[in-house]
Amino acid sequence: MARKKKKVITYGSFDLFHEGHYQLLKRAKDLGDYLIVGVTTEHYDRLRGKLNLVDSIRTRMDNVWNTGFADEIIVEDHEGQKVEDIQHYGIDIFTLGSDWVGRFDYLKQYCEVVYLPRTVGISSSELRDARQKIVRLGIIGTGRIAPRFLKETSYVSGIEVTSAYNPERDSAEAFEKEYQVKTWTDGFDRFLSETDAVYVASPNETHSEYVRKALNAGKHVLCEKPMTFTYSEAMELYDLASNKGVTLMEGIRTAYLPGFQQLLSVAKDGTIGKICDIDACFTRIGSPGSREMTDARYSGAFLEYGSYTMLPIIKLFGKEYEEVQIESVYGKDGIDILTKVQFRYKDGMATAKAGAGVKSEGELIVSGTKGYIIAKSPWWLTRSFDVRYEDPNIVEHHEANFSGEDGLRYEIAEFMSKVNGTGGNDYKLTAGESIAMADVVEKFMIKRRDLRRTFD
Ligand code: CTP
C-alpha cells in the first residue's frame, strides 16, 4: 500500500522576498512530502498590524511559487483560518520560523507543530525600512495625545519622531525627560528645519497657524481635528499643501481604521437597501479641569468629538446636504456640553450628536430600506458591527479588529504612504470631506460666539 503523503503547511506575508523566506520554505518542504503555503492578504495583514507591505499578493505568491518548494499556495485572510486549513487539508505538520516559538502551540491538538530556526540578519521590515528615507517627524504640542502618538509610530515603518515643540516650558521639559525626545520651547523655525513632517497636536485654536507655517516651510502635515474653524481657511490650507507639493491630512483616526472601512462598504453595497437615516453619537464625561470640559472658546463637545460623529454622515451621504441645523445645550461660561447637528439631504437625514459632560448611548446606526447597521460604543474605534433586519432573529455580525488600543497607527501608516506616494487614491478622508466638515464647524462657531456674547 502506498505511504500516505506527509503534508506540511506554513504561512507568511513573504513581502520583498528574501533569503530568510527561501531557507524557511526549503526546510519546511524537507519536513514532509507536500508543502502548502498560506500567503496573507493585505487586508488581513492590516488587521494584524502589518501596515506597509510593498508587494501585491500576486507578486508575493509568485515569489513563493518560483522557489519550487511549494506544491500548493493558498490565501490566508482571516483569524482562525489556520485551524480550518489544518483540518480541511489533513495537515501533519504546521511550521513557522522561530520568531513565533510558543505562539502556535495551541495547534498541537490538531497536528505536529515545528518552529524552524529563523535566518539571522534579515527581515521584510528591515528591507522596507532600507528602501525608504526615514521621515523625521516633529510633534507640535506635548499634551495627552503626544505620548500615545509617539508609541504608535513605532509600529509604522519609515518614520522616526526626532523632536517635539511646545512653547510652554514645563510641559516641554517633562516630555523630553520622560520620552527622551529633543524638545524645543522656542526657535520654531529651527525646529521645523530639522523635520520632514509634523504632527500638530496643540490646542485647537493654534492648529491652523502651525499648519500654515509648516506647509510654507515645505513640510508634510498631519493635524489633529479640527484642523481649522472655517471653511475658507480649510480651503486655503489644502490649496497651500497642493501648491507646495506636500501632504496635508486631518487626523480623524476613525477614517483610517479597517473596521470603519468595512462598515462603509457594507452600508454602500445594498445589504441594508437605500440609506435613509444616520445617527452617530459620541459622548464623554472628561475630568473636571480638562480642556473639553472647561474651554468655552475653543473646546467643548462639538469641537472635540463632532468630527467623529460627522464622519460617517459625510462619508455615506456626501458633502452636499440641503440643510444643516445645529443645536446645543450650554454649560458654564457658554461651553457646549451637548451639540446635535441635524443634516437634511435630498433623500435622507442624519444626526451627529456629541457630548462632553453629558452621557448617552454612543452608537452609530445607519438605517436603510431593507435593514440597518448598528455599531456599539466605541464605534469610532470600530472593531465590530451588526447588520439587522425586520426579522430580529437574523443578525449578521462583522468583526474587523485592529491592532493596538487606539488605532492611531493606521492613521500614521496612511500619512506615511501619502508622504511616500505609495498610498494610491486618497479616498479614506478626502480634502473635500475635511473642508465640508470645517464648514459645519464654522457654522457651529458662529452660533456659539453669538451666544457667548451674553456670557462675556
Ligand atoms: N523567516 C525566517 N527568517 C527570516 C525572516 C522570516 O525564517 N529572517 C520566516 C518567518 O519566521 C515566517 C516566514 O519566514 O515563518 C514568513 O515570514 P514573514 O513574516 O513574511 O517575513 P519577515 O521577514 O519576518 O517579515 P516582517 O519583517 O514583516 O515581520
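First, a word on what this report is: a plain description of the structure on this page. Just so you know, these numbers come straight off a predicted model, no measurement behind them.

Description of the sheet that holds strand β17 (residues 371–375)
Reasoning step 1: Strand order across the open sheet formed by 8 strands is β13-β14-β15-β12-β16-β17-β18-β19, with mixed pairing between neighbours. The open sheet has two edge strands with one neighbour each: β13 (323–330) and β19 (395–399). The average angle at which neighbouring strand axes cross in this sheet is 10°, direction not considered.
Reasoning step 2: Sheet analysis places β17 next to strand β18 (residues 384–389), joined by 4 bridges and oriented antiparallel. Each residue of the ladder has a partner; that of G371, found in β18, is Y389.

Some thoughts on the sheet that holds strand β3 (residues 72–76)
Reasoning step 1: The 5 strands lie next to each other as β3-β2-β1-β4-β5, forming an open sheet whose pairing is parallel. Pairing within the sheet leaves two strands with one partner each, and these edge strands are β3 and β5 (112–116). Looking at each pair of strands side by side, their axes are set apart by 25° on average, direction ignored.
Reasoning step 2: Here strand β2 (residues 34–40) pairs with β3 via 5 bridges, running parallel. The residue bridging V37 from the neighbouring strand is I73, located in β3.
Reasoning step 3: Along the sheet face, helix α1 (residues 19–30) touches β1 (7–12), β2, β4 (93–97) and β5 and points at about 145° away from the line of β2.
Reasoning step 4: Lying on the sheet, helix α4 (residues 81–89) is in contact with β1, β2, β3 and β4; it crosses β3 at an angle near 150°.

Section: the layout of surface pockets
Reasoning step 1: A volume near 850 Å³ is recorded for the second largest pocket.
Reasoning step 2: For the second largest pocket, the lining is made up of 34 residues, of which R144, I145, A201, E292 and E304 are closest to its centre.
Reasoning step 3: Looking at side-chain class alone, the lining of the second largest pocket contains 11 nonpolar, 11 polar and 12 charged residues.

Some words on empty space enclosed by the protein
Reasoning step 1: In the structure shown here, the tally under the stated rule is 1 cavity of 30 Å³ or more.
Reasoning step 2: By volume, the largest cavity amounts to about 60 Å³.
Reasoning step 3: In terms of lining residues, the largest cavity is bounded by P226, M227, T228, A234, E250, S307, S434, M437, A438 and V441.
Reasoning step 4: Ranked by the residues each element gives to the lining of the largest cavity, the list is headed by helix α15 (residues 431–452), at 4 residues.

Points about the packing of helix α13 (residues 301–317) against α15
Reasoning step 1: For the pair α13 and α15, interaxial distance at closest approach is 10 Å and the crossing angle is 135°. What the angle tells us is that α13 and α15 run oblique. Of the two possible hands of crossing, α13 and α15 adopt the one that is right-handed. Taking contact as the criterion, the partners of F302, L303, S307, M310, L311, I314 and K315 in α13 are, on α15, E433, A436, M437, V440, V441, F444, M445 and R448.
Reasoning step 2: When its residues are assigned to classes, the contact of α13 with α15 shows 11 nonpolar, 1 polar and 3 charged.

Section: unusual backbone geometry
Reasoning step 1: Between K225 and P226 the backbone carries a cis peptide bond, its omega angle lying at -15°.
Reasoning step 2: Tracing the chain through its elements places P226 in the loop between β10 (220–224) and α10 (231–244).
Reasoning step 3: With an omega of -5°, the peptide bond between S377 and P378 qualifies as cis.
Reasoning step 4: When you line up the elements, P378 lands in the loop between β17 and β18.
Reasoning step 5: One non-glycine residue with positive phi stands out, namely F14, at about 50°.
Reasoning step 6: With respect to the secondary-structure elements, F14 resides in the loop between β1 and α1.
Reasoning step 7: Although it is not a glycine, D333 sits at a positive phi angle of roughly 65°.
Reasoning step 8: Looking at the secondary structure, you find D333 in the loop between β13 and β14 (336–345).

Some words on the site of the ligand
Reasoning step 1: Near the ligand, the surroundings consist of 19 residues, among which D99, T119, I122, S124 and S125 are the closest.
Reasoning step 2: Taking K50, its side chain carries an N or O atom lying 2.9 Å from an oxygen atom of the ligand.
Reasoning step 3: At 2.6 Å from a nitrogen atom of the ligand is found a main-chain nitrogen or oxygen belonging to I122.
Reasoning step 4: The fraction of the free accessible surface of the ligand (560 Å²) that becomes covered by protein chains is 93%.
Reasoning step 5: The residue inventory of the shell around the ligand, partitioned by class, reads 5 nonpolar, 10 polar and 4 charged.

Here's the deal with the side chain of T254
Reasoning step 1: Among the structural elements, T254 can be located in the loop between β11 (248–251) and α11 (258–268).
Reasoning step 2: In this structure T254 touches F260, Y308, L311, W380 and T382, once residues within four positions along its chain are discounted.

Concerning the pattern of salt bridges
Reasoning step 1: Enumeration over the complete set of coordinates arrives at 30 salt bridges.
Reasoning step 2: Linking E152 and R409 is a salt bridge whose minimum nitrogen-to-oxygen distance equals 3.0 Å. In this pair, E152 is assigned in helix α6 (residues 145–153) and R409 in helix α14 (residues 408–419), connecting sequence segments 257 residues apart.
Reasoning step 3: One salt bridge connects K376 with E363, and the closest N-O pair in it is separated by 2.9 Å. Of the two residues, K376 sits in the loop between β17 and β18 while E363 sits in the loop between β15 (348–356) and β16 (364–368), which places them 13 residues apart along the sequence.
Reasoning step 4: Among the charged side chains, a salt-bridge network with shared partners connects E209, R212, E233 and E236.

Quick notes on the rules
Residues numbered from 1 in each chain as written. Predicted model: local features only at pLDDT ≥ 70, side-chain atom pairs only at ≥ 80, totals over all residues. Heavy atoms only, no water. Pairing = 2+ DSSP bridges. Helix = DSSP H or I, 4+ residues; strand = E, 2+ residues; numbered from the N terminus. Axes fitted to C-alpha atoms, helices over the stretch in contact; angles between N-to-C directions. Contact = heavy atoms within 4.5 Å. 1 Å grid on protein atoms, 1.4 Å probe; cavity = no way out; pocket = protein on both sides within 12 Å on 5 of 7 lines; lining within 4 Å. Points joined across faces, edges and corners; volume = space filled by probe spheres on them. Nonpolar A, V, L, I, M, F, W, Y, C, P; charged D, E, K, R; others polar. Parallel < 35°, antiparallel > 145°, perpendicular 65-115°, else oblique. Left-handed = near helix turned anticlockwise from the far one by under 90°. Near = heavy atom within 4 Å. Polar contact = N/O pair within 3.5 Å; in protein donor to acceptor, adjacent residues only side chain to side chain. Areas by Shrake-Rupley, 256 points an atom, 1.4 Å probe, with all protein chains shown as cover. Salt bridge = Lys/Arg side-chain N within 4 Å of Asp/Glu carboxyl O.

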